[in-house]
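Structure at a glance
Below, each chain spelled out in residue letters.
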2 protein chains.
Amino acid sequence: MAEREAVLVADIGGTKLAGGVTDLDGRLTTWAQVPTPRDGDAEFLWRTLESLLARVLEDAKIDDLGILSGIGCGCGGPMEWPAGLVSPLNIPAWRGFALRERLTERFGDKNQVRVHNDAICMAIGEHWRGAGKGCRNVLGVVVSTGVGGGLVLDDRLIQGSSGNAGHIGHVVVDPDGPRCQCGGVGCVEAIARGPALAAWAQSEGWRPGQPEVTAKDLADDAARGHAVALAALRRAGLAIGTAIASATCLCDLEVVAVGGGLSQAGALLFDPLHEALARHARLDFARQVRAVPAALGQTAGLVGAAALIIKGDRYWAGD
Amino acid sequence: MAEREAVLVADIGGTKLAGGVTDLDGRLTTWAQVPTPRDGDAEFLWRTLESLLARVLEDAKIDDLGILSGIGCGCGGPMEWPAGLVSPLNIPAWRGFALRERLTERFGDKNQVRVHNDAICMAIGEHWRGAGKGCRNVLGVVVSTGVGGGLVLDDRLIQGSSGNAGHIGHVVVDPDGPRCQCGGVGCVEAIARGPALAAWAQSEGWRPGQPEVTAKDLADDAARGHAVALAALRRAGLAIGTAIASATCLCDLEVVAVGGGLSQAGALLFDPLHEALARHARLDFARQVRAVPAALGQTAGLVGAAALIIKGDRYWAGD
C-alpha cells in the first residue's frame, strides 16, 4: 500500500468552491477555486465540486487515492453534524444534501471523510497555523454574507451540543436593534453581515436605487472617504467589537482572528472594532485579548479542513 | 495507611463561609456555614475558616487527615489560578492571600489541595450532580452581589487563558447601558447584581432613604406586588436572559443553571428571563436550551469543590 502523505480538502461557500491538497503538516501543495454555480440542481453543484477536486488531485499528481490520509471539508451551515447532511443558507440547491456520504463514495476509498462548518474550519486553520498559532483559547470570526465563527478553548475545538459552538453571529449587541434573519433581535449578524450593512447604507443615502451593490462596494467607497460608507463600516466594527468583548469575558480568550470579506476593509473596520472592545472588555484578563485580522486569508478554511483529519484528536469529536 | 474515602470542602463568599465533608460520590456527609467576618484582618478570617473546617471534620468523625482524598475549595474571585492566591472582591481582608498554600499546610498532609472560583465550583456542582447532570454543555450562573459563572463544554470545565472562563457577568446586554464596576458599559452585572438592582429600584421610588436595603428586600416586596420591585426583577430577568441567549448561541449550550440569592425570587425573575431568552435565542439549536433554577441550592459550591478532587480529569486542569 502507498504511504499516506496527503489530505484532500474542500471549502464550500455561497460565493466560491475551493479545493486543494495538503501535506501532513497542513501546507497546501496545490489549490484552486471556482465560483459557486448560482443555477442548477443539487447534482450539478456536486459535479462542479467533484471536478474541482479531481483537478486538484491531478495537479498534485495523485492518481492513487490510497495515498490520502483522508478528506476534510468545510461547508456553509447549517448542517447535521457529524452526519454531514448540509443545507447551506446561501446554497439553496443543497437541502439535506448528504455531502459527507457523497465525498466518501467518490474519494473515500476507506479514508476518513470529515465535514464541518466552514467558519469552524476557518477558526481551526487560524488556531493551528494562523493568527492564533501557539495560543490555547482562540475565537475565529468570519464576517461575510453572514457572521459565523468557531471556538477553540483549552486547545480543543469546542463542538457544543449540536456542533454549533462558536456561532458568534447571534450574540446580542443591541437588545432593541434590528430584526435578524434568525428571528431574533439585535444579533451582531443583523447589523454587520454584508447585505444588512449595504442595505443600511442605502437607507442613509449611499448609492440609492442600485440593488446590486455589495459590502465590497461599500468598503471601496469607504476607502475613498464616502461619509455614509465610513459610517456603515464604523457601525459594523462597533457591533463586531461588542460581540467580541462579550465572547472574551465569557470564554477568557487570548486571540480573536477576524476574517471574511468585510475584514478586507482593514482599519476602517478594525479601528471601531477595537474601540468597542476597549470600551466593553475591561477586566484585567479580558484586556489581554488581541483581536487581529485572520492570517491565512482565503486558505484558512482549507487548512482547517486538513486539520480535521491530521489533528483529529484536537479538532474532531464526531464519529 | 487508611483508605482514602472522603473530601474536605469549603466555599468562601463575601456573605458566608461554608465547609463540609463529602464521600467519593460527592455526597455531603456533613456541612456547616458561618457568616463571613466583616471586620478583622486576613489571619482572623483564616482562623474562622480553619475552625469551621476543623469542626466539620470532627462532625464527620475524621481524626486522621490521611483518609482524605484531598481538599477542594471555591472562593470569590478574582484569584491567580491555579496558584490559589485569592483577592475576593467582597472580602477586602484578603488581598493576594495564599489560600491554597495555607490549606495545604494545615489540612494537606500530602493530599492534593485545589482552589477555584466559587461560581465555577457552583457550575461544576450543577453539571456533576445538579440541574445539568447528564448534559455535556452547561453554563452555571450565580446572581448575587456580583454575577458570575462557570462553563462546562463538551463535558469538561473550560478554564480559558487565565482560569476565568464562564465569567458571564461582563457579557454586554445594553451597549449604552449603565457603567459597570469593571469599568465597562452595559454588562449584565451592572444591571442585575443585587446592589445595582436595589439602587435602581430606589431611584424609581422604592423604599427611599433606606441605605441598608438589599436585593432580598426587593424580592420580598416584589412577591407582595410592589410595582417598582416587580419592575426591578423584570429588569434583572431580561438582562440575565439576554446574556444567556448570547452565551447559548456562542457555546451551543443545553442547560443553564441559575443560582445565587436573586434566583430565590422564582418566577418573578425567571419569567422575564425566559421571555428575553425566547426573544433572542432563535436558531434551532439555541431554542433547545433550558434555563432552570440551580438544583443544589446552597450546597452546589461544596459539591463542585469536591469534584475538583474526585473528578479532576474533567474539572481540573491546573497543577
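Everything here concerns the structure above.
In this text, all values refer to a predicted model and were calculated from it rather than measured experimentally. (Residues numbered from 1 in each chain as written. Chains lettered and ligands numbered in written order. Predicted model: local features only at pLDDT ≥ 70, side-chain atom pairs only at ≥ 80, totals over all residues. Heavy atoms only, no water.)

Side note on the overall build of chain A
Helices and strands together make up the secondary structure of chain A, namely eleven helices and 13 strands. Taken over the C-alpha atoms alone, chain A extends approximately 60 × 50 × 35 Å along its principal axes. In chain A, of all internal contacts separated by at least 6 residues, the share reaching a separation of at least 24 is 62%. Summing over all exposed atoms, chain A offers an accessible surface of approximately 12,300 Å²; the carbon and sulfur share of this is 48%. For chain A, the distance from the average site of its 30 positive side-chain charges to the average site of its 36 negative ones is 3 Å. (Helix = DSSP H or I, 4+ residues; strand = E, 2+ residues; numbered from the N terminus. Contact = heavy atoms within 4.5 Å. Areas by Shrake-Rupley, 256 points an atom, 1.4 Å probe, with all protein chains shown as cover. Lys, Arg positive; Asp, Glu negative; His and termini not counted. Charge placed at Lys NZ, Arg CZ, Asp CG, Glu CD.)

Some remarks on the side chain of D252(A)
Assignment of secondary structure puts D252(A) in the loop between α7 (227-251) and β12 (255-259). In contact with D252(A), other than residues within four places in its own chain, are N137(A), A247(A), F285(A), Q159(B), G160(B), S161(B), S162(B), G163(B), N164(B) and A165(B).

Some thoughts on the relation of the copies chain B and chain A
Two chain copies, one operation linking them: a rotation about an axis together with a shift along it. Of the two same-sequence chains, chain B is brought onto chain A (RMSD 0.0 Å, axial shift 0.0 Å) by a rotation of 180°. Classification of the inter-copy transformation places it as that of a two-fold axis. Minimal C-alpha distance to the rotation axis in chain B is attained by D174(B), lying at 3.1 Å. A share of 100% of the interface residues of chain B reappears at the interface of chain A, consistent with the copies meeting face to face through the same patch. (Least-squares fit on C-alpha atoms with pLDDT ≥ 70 in both.)

Some points on unusual backbone geometry
For the bond from G77(A) to P78(A), the omega torsion is 0°, close enough to zero to count as cis. Looking at the element boundaries, P78(A) is found in the loop between β4 (68-75) and β5 (79-80). Residue P82(B) is reached from W81(B) by a cis peptide bond, and omega for that bond is 5°. Along the polypeptide, P82(B) turns up in the loop between β5 (79-80) and β6 (85-86). One non-glycine residue, K61(A), adopts positive backbone phi at about 60°. If you trace the backbone, K61(A) turns up in the loop between α1 (42-59) and β4. Judged by its relative accessible area of 72%, K61(A) is exposed. A positive phi angle, close to 50°, is found at D154(A), a residue other than glycine. With respect to the secondary-structure elements, D154(A) resides in the loop between β10 (147-153) and β11 (156-157). (Buried < 20%, exposed > 50% of the residue type's maximum accessible area, 1.4 Å probe, protein only.)

Some points on the interface of chain B and chain A
Tallying the contact residues gives 43 residues for chain B and 43 residues for chain A. Applying the counting rule to chain B against chain A returns two salt bridges. With its nearest N and O atoms 3.5 Å apart, the salt bridge here joins R279(B) to D176(A). Between chain B and chain A we count 24 residue pairs in polar contact (both at pLDDT 80 or more) in total. (Salt bridge = Lys/Arg side-chain N within 4 Å of Asp/Glu carboxyl O. Polar contact = N/O pair within 3.5 Å; in protein donor to acceptor, adjacent residues only side chain to side chain.)

Some words on the state of the cysteines
If you walk through the whole model with that rule in mind, you get zero disulfides over all chains. This cysteine, C187(A), is not joined by any disulfide, and C182(A) carries the nearest cysteine sulfur, 3.8 Å off. No disulfide involves C249(A); its sulfur sits 6.5 Å from that of C187(B), the nearest cysteine. On the accessibility criterion, C249(A) (0% relative accessible area) is buried. (Disulfide = S-S within 2.5 Å.)

Points about the sheet that holds β5(A)
Residues and elements named next belong to chain A. Read from one edge to the other, the open sheet built from three strands follows the order β5-β6-β7, with strand pairing classed as antiparallel. Of all the strands in the sheet, the pair left with one neighbour each is β5 and β7 (97-98). Here two bridges tie β5 to strand β6 (residues 85-86), and the two strands are oriented antiparallel to one another. When the bridges of β6 are listed, E80 appears paired with L85. (Pairing = 2+ DSSP bridges.)

Here's the deal with the pairing of strand β1 (residues 6-12) of chain A
Side-chain positions along a regular strand alternate between the two faces of the sheet. All names here are of chain A. Burial analysis of β1 places seven of its seven residues in the buried class, the great majority of the element. In β1, alternate side chains face the same way, and those of A6, L8, A10 and I12 on one face and V7, V9 and D11 on the other are all buried. Sheet analysis places β1 next to β4, joined by seven bridges and oriented parallel. Looking at β4, one finds that D11 is bridged to G74. From the end of β1 to the start of strand β2 (residues 16-22), which pair antiparallel, there are three residues.

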